[in-house]
Amino acid sequence: MEKVVPKPEMGRLVDLLLERGYRVVAPVLKEGVILFEEVGSFSQVARCVTEKQDRGHYRVEKAEEWFGYVHGPNSLKHFLHPPKTDLLKVKPDLSQEVPIERKRYAFFGIRGCDIASLRILDKVFLGGFQDPYYAGLREGTFTVAFNCTRPARTCFCASVGTGPFVRGGSDLIITELRDSFLIRATTDEGKDVLEELDGREPKQRDYDEEKELEERSLSAMVRRVDTRDLPSKLLEKLESDVWEDVARRCLACGSCAMVCPTCFCYEVVDDITLDGSGSVRFRRWDVCFREEFSTIHGNPIRKSVASRYRQWLLHKFSYWVGQFGELGCVGCGRCITWCPVGIDITEEVKRLLSDG
Ligand code: SF4
Ligand code: SF4
């Protein structure tokens, strides 16, 4: 089902989701950054802004398009696999509580790379062992995805096949045209919502405008990764000098893994409350850039920064394929923008491929 709806109807769409009891998460402009946050009305959603992103650089500017931006540092991971999750609470009488949260999220204003990251997180947390904490937050999710018409300079989703236009996997998929939105519903829930919006049948000129926008978006994407046989080609570069060269610049801060929408590692910690009311076991994000991450029986397996960066990059572009059947990178470019020293994963892959 497809419909062209006037721009003011977008507010109605957010209202409909709120009325249906969803916790609507959308991009908001906060302290100079576009962040995904829970909103209570459409007025909170970031509009008529765009970002200038590059290695270690992020600025928000005014724009004519309502949704001509991509994303800031956080992602859907922050909601479905939060930075800290309580797993078990134990009281002094040894009674136990497993605090599984249930939320019905509607993710509004997400992009093709975000949809791909959802598919990957589902494989991680629901593919074999069913993680009840993730499942409680993921069940019944509704998604409203936008086709990207202005990718950031750091985006390379076209190389990994996740964008700039959404290929499916979302309840609603929206293209922002000059004076309206072309909306496609791909699920029954999506159709149900779209039926309630005012609009008209799309005309040929709407499809033509959409095609033009997609071509403009593709040609605006400046970064690329050659993914042909990439997992096996990278395995031949384990001893490359490139790793040591990256290590001379890398601070091992882990920012790249924190902002990555698919990095999922965590550690489990037991803690007691100071007032003696019980103890709690929780998990919190962890990153492979920490020496302690690979420490077994007191000995770190990956002592050098070079070996840790190699683990991270190879997991994304090589090991992940064996583990989950696809690349672990969705080409969102967050790790490039938010690396404090401007290390660019696409450049490092290129250097590795041309090394030796
Ligand atoms: S590795 Fe970088 S570009 Fe790829 S998904 Fe993670 S943050 Fe995005
Ligand atoms: S690549 Fe950049 S963001 Fe990642 S750990 Fe190194 S310095 Fe930090």
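Residues numbered from 1 in each chain as written. Chains lettered and ligands numbered in written order. Predicted model: local features only at pLDDT ≥ 70, side-chain atom pairs only at ≥ 80, totals over all residues.

A. Geometry of the overall build of the protein. Scanning the protein for helices and strands turns up 13 helices and 15 strands. Relative to its length of 356 residues, the protein is compact, with a C-alpha radius of gyration of 22 Å against a globular reference of 21 Å. In terms of overall dimensions, the protein has a C-alpha envelope of 65 × 65 × 35 Å along the principal axes. A buried classification covers 39% of the 356 residues belonging to the protein. Within the protein, contacts between residues at least 6 apart in sequence are counted, and of these 73% link residues at least 24 apart. (Helix = DSSP H or I, 4+ residues; strand = E, 2+ residues; numbered from the N terminus. Rg over C-alpha atoms; globule rule 2.2 N^0.38 Å. Buried ≥ 20, exposed ≤ 12 C-beta atoms within 10 Å, placed from the backbone. Contact = placed C-beta atoms within 7 Å.)

B. Looking closely at unusual backbone geometry. A cis amide bond, omega 5°, links Gly 163 with the succeeding residue Pro 164. With respect to the secondary-structure elements, Pro 164 resides in the loop between α5 (157–160) and β10 (172–176). The backbone of His 297 shows a phi angle near 50°, a positive value even though the residue is not glycine. Turning to its location among the elements, His 297 is positioned in the loop between β14 (295–296) and β15 (299–300). What makes His 297 exposed here is the crowd of 4 C-beta atoms within 10 Å.

C. Broad picture of the domain arrangement of the protein. Each assigned domain of the protein is listed here: domain 1 (2–220) and domain 2 (230–354). The gap between the C-alpha centroids of domain 1 and domain 2 is 25 Å. With 38 residues of domain 1 in contact, the opposing surface of domain 2 contributes 32 residues. Listing elements by their share of the side of domain 1 that touches domain 2, those giving two or more residues are β5 (57–62), β6 (84–90), α3 (112–126) and α5. (Domains from an automatic or database assignment.)

D. Seen up close, the site of ligand 1. Near ligand 1 you find 13 residues, and of these Cys 260, Cys 329, Cys 332, Arg 334 and Cys 335 are the closest. Considered class by class, the residues forming the shell around ligand 1 number eight nonpolar, three polar and two charged. (Near = placed C-beta within 6 Å. Nonpolar A, V, L, I, M, F, W, Y, C, P; charged D, E, K, R; others polar.)

E. Here's a closer look at the site of ligand 2. All residues in the neighbourhood of ligand 2 are listed as Cys 250, Leu 251, Ala 252, Cys 253, Gly 254, Ser 255, Cys 256, Phe 289, Cys 339, Pro 340, Val 341 and Ile 343. When the residues that make up the shell around ligand 2 are grouped by side-chain class, the tally is ten nonpolar, two polar and no charged.

F. Molecular detail of the sheet that holds strand β2 (residues 23–30). Strand order in the open sheet formed by seven strands is β1-β11-β10-β9-β8-β2-β3, and the pairing between neighbours is mixed. If you trace the sheet from one side to the other, it starts and ends with β1 (2–6) and β3 (33–38), each paired once. Adjacent strand axes in the sheet meet at a mean angle of 25°, parallel and antiparallel pairs treated alike. In this sheet, strand β11 (residues 180–185) lies alongside β10 in antiparallel orientation, the contact comprising five bridges. Paired with Leu 172 across the two strands is Ala 185, which belongs to β11. (Pairing = 2+ DSSP bridges. Axes fitted to C-alpha atoms, helices over the stretch in contact; angles between N-to-C directions.)

G. Quick look at the sheet that holds strand β7 (residues 96–97). If you trace the four strands from one edge of the open sheet to the other, you get β7-β6-β13-β12, paired in antiparallel fashion. On the outer flanks of this sheet lie β7 and β12 (266–272), each paired with one strand and no other. Examined bridge by bridge, β6 and β7 share two bridges and lie antiparallel to one another. Of the residues in β7, the one forming a bridge with Val 90 is Gln 96.

H. Up close: the environment of Arg 119. Mapped onto the elements, Arg 119 comes out in helix α3. Counting along the chain gives 39 residues from Arg 119 to Leu 80, while the straight-line C-alpha distance between them is 12 Å.

I. Region of interest: helix α1 (residues 9–19). Looking only at α1, the buried set comprises Met 10, Leu 13, Val 14 and Leu 17. Buried residues in α1, looked at end-on, bunch into an arc of 95°, giving them a common side. At its buried positions, α1 is contacted by β2, β8 (105–110), β9 (142–146) and β11. Just beyond α1, the residue with positive phi is Gly 21, at close to 90°. (Arc of directions from axis to C-beta.)

J. Highlighting the pairing of strand β13 (residues 279–285). Relative to β13, β6 is paired through six bridges, and the arrangement is antiparallel. The residue of β13 that forms the bridge with Thr 85 is Arg 283. In terms of strand pairing, β12 meets β13 through seven bridges, oriented antiparallel. The residue bridging Val 268 from the neighbouring strand is Arg 283, located in β13. Hairpin connection, β12 to β13: the antiparallel pair is bridged by six residues, and Gly 276 has positive phi, about 75°.

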